[in-house]
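Residue-level structure breakdown
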Amino acid sequence: MTDPATRLADIRNRIAHAAQIARRDTSEVTLIAVSKTHPAETIVPLIQAGQRVFGENRVQEAQAKWPALREAHPGLVLHLIGQLQSNKTDEAVALFDCIHSLDRSSLVAALARAMDRAGRQLPCFVQVNIGAEEQKGGCAIADLPTLLTEARAADLPVIGLMCVPPLGIEPAPFFALLDKLAREHGLAGRSMGMSEDFETAVMLGATHVRVGSALFGERS
Ligand SMILES: *Cc1c(COP(=O)(O)O)cnc(C)c1O
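Residues numbered from 1 in each chain as written. Predicted model: local features only at pLDDT ≥ 70, side-chain atom pairs only at ≥ 80, totals over all residues.

**Comments concerning the overall build of the chain**
Convention followed: A run of DSSP states H or I qualifies as a helix once it reaches four residues; a run of E qualifies as a strand once it reaches two. Both are numbered from the N-terminal end. Restricting the calculation to C-alpha atoms gives the radius of gyration, and the globule rule supplies 2.2 Å times the number of residues raised to the power 0.38. Note on burial: count the other C-beta atoms lying within 10 Å of the residue's C-beta; 20 or more is buried, 12 or fewer is exposed, in between is partly exposed, and C-beta positions come from the backbone.
Broken down by element type, the chain carries nine helices and eight strands. Expected size for 220 residues packed as a compact globule is a radius of gyration near 17 Å; at 17 Å, the chain falls within 12% of this value. Structurally, the chain occupies a C-alpha span of about 45 × 40 × 30 Å along its principal axes. Scored against the burial criterion, the 220 residues of the chain give a buried share of 41%.

Here it is as structure tokens:
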């Protein structure tokens, strides 16, 4: 594979091109570099190439890697993109800047308490189980209105919706559906699109794309 700076430039160009086709401004799209499973020495070259926004899917793994990286590189932004257990909310609120996996009432309550304790309000995305898959995280589409009402009542700053479409089938209809749901609920953020489909997601309104393997190489 090419060097990190070249890969990063390539992904940024592809995002810009997709945005241009869709008549969107590239600055509306945040690239989240998903560094899960990759050690600090793999991440540092990407930081040196100018990337500032990263995503991790596990609190424990992030706790082991990011405090030192943040200390050494001020100005980094860290997103939690994976499932969050209610008993890990204090750690998550202390470490992350944004949560993409708000998906149930019990987590609304736990996160609201953790943010109060920390005196720190993190923007959140509500994760939607967009393909109605049995084993998948995310709230059911039918439960979304109630969950959003609860989150707003708890003063959680919900900025958008997030999804991971079913594997192995065309993702565009699911991105379009997430975009429609976000619009219906007056939410500006759409966290959708990964290495294989981020250009499609950008064309369909993604504000945050979560790209791992296309930037870092395959995970072992
Ligand atoms: C791992 C992961 C990604 C990145 O996946 P790639 O295919 O490596 O780009 C994006 N979103 C979530 C929720 C993930 O867990």
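Read on for the rest.
**Describing the UniProt feature "domain: Alanine racemase N-terminal" (unreviewed entry) in the chain**
Applied cut-off: UniProt positions are given in the numbering used here, feature names are shortened, and annotations may be inferred rather than shown by experiment.
Per the UniProt annotation, the sites labelled "domain: Alanine racemase N-terminal" (unreviewed entry) are residues 13-219. The distance from the first to the last C-alpha atom of residues 13-219 is 23 Å, and the span holds 42% helix and 16% strand.

**Some remarks on the site of the ligand**
The condition is simple: By convention here, the C-beta atom is placed from the backbone, and a residue is near a molecule or strand when that atom is within 6 Å of it. Charged means Asp, Glu, Lys or Arg here, nonpolar means Ala, Val, Leu, Ile, Met, Phe, Trp, Tyr, Cys or Pro, and polar covers whatever is left, Gly included.
Around the ligand sit 13 residues, and of these M194, S195, R210, G212 and S213 come closest. The class makeup of the residues in the shell around the ligand is six nonpolar, five polar and two charged.

**Observations concerning the nonpolar core**
The condition that has to hold: Under the definition applied here, buried Ala, Val, Leu, Ile, Met, Phe, Trp, Tyr and Cys residues are grouped into a nonpolar core through C-beta atoms within 7 Å. Contacts here follow a simple rule: the backbone-placed C-beta atoms of the two residues must lie within 7 Å.
Ranked by size, the top nonpolar core spans 62 residues in total, and within it I99, V126, L178 and V209 carry the most contacts. Examining the composition of this core, we find that six residues originate from one element, helix α5 (residues 105-118), more than from any other. Contact partners of V126, with chain neighbours within four places excluded, come to L102, D103, C139, L144, L147, L148, A151, V158 and L161.

**Some thoughts on the UniProt feature "modified residue: N6-(pyridoxal phosphate)lysine" (unreviewed entry) in the chain**
UniProt annotation of "modified residue: N6-(pyridoxal phosphate)lysine" (unreviewed entry) refers to K36 when read in the numbering used here. Relative to the helices and strands, K36 resides in the loop between β1 (30-34) and α2 (40-48). When the 17 C-beta atoms within 10 Å are taken as the criterion, K36 is described as partly exposed.

**Some words on the pairing of strand β5 (residues 124-127)**
Selection criterion: Following DSSP output, two strands are said to pair if at least two bridges run between them. Crossovers are marked right-handed if the path from the first strand over the helix to the second runs clockwise, as seen with the strands pointing away from the viewer.
Burial of β5 is two-sided: the residues C124 and V126 facing one way and the residues F125 and Q127 facing the other way are all buried. Pairing between strand β4 (residues 98-102) and β5: two bridges, direction parallel. Counterpart to I99 in the pairing with β5 is C124. Note that the unit made of β4, α5 and β5 has a crossover that is right-handed. Across four bridges, β5 lies against strand β6 (residues 158-162) in parallel orientation. Counted as the bridge partner of Q127 is M162 from β6. Viewed along the sheet, the connection from β5 through helix α6 (residues 144-153) into β6 turns out right-handed.

**Focus: the pairing of β1**
If a strand is regular, its side chains alternate between the two faces of the sheet. For β1, the tally of buried residues reaches four of five residues, placing the bulk of the element in the interior. As defined by bridge partners, β1 adjoins strand β8 (residues 208-211) across four bridges and the pair is classed as parallel. Within β8, the position partnered with T30 by the bridge is H208. When β1 meets strand β2 (residues 53-56), the two strands line up parallel, connected through two bridges. Residue pairing for β2: V34 is matched across the bridge by G55. In this fold, β1 hands off to α2, which returns the chain to β2; that crossover is right-handed.

**Observations concerning unusual backbone geometry**
One non-glycine residue, R23, adopts positive backbone phi at about 55°. When you line up the elements, R23 lands in the loop between α1 (4-21) and β1. A residue is classified by how many C-beta atoms lie within 10 Å of it, and R23, with 7 of them, is exposed. Positive phi, normally seen in glycine, also occurs at D155, with a value near 65°.

**Let's talk about α5**
Note the following rule: An expected span of 1.5 Å times one less than the residue number is assigned to each helix.
In this model, α5 (14 residues) spans 20 Å end to end at C-alpha, consistent with the 20 Å of a helix rising 1.5 Å per residue. Among the structural elements, α4 (89-95), β4 and α6 are those in contact with the buried residues of α5. Phi for G119, located one or two positions after α5, is positive at around 60°.

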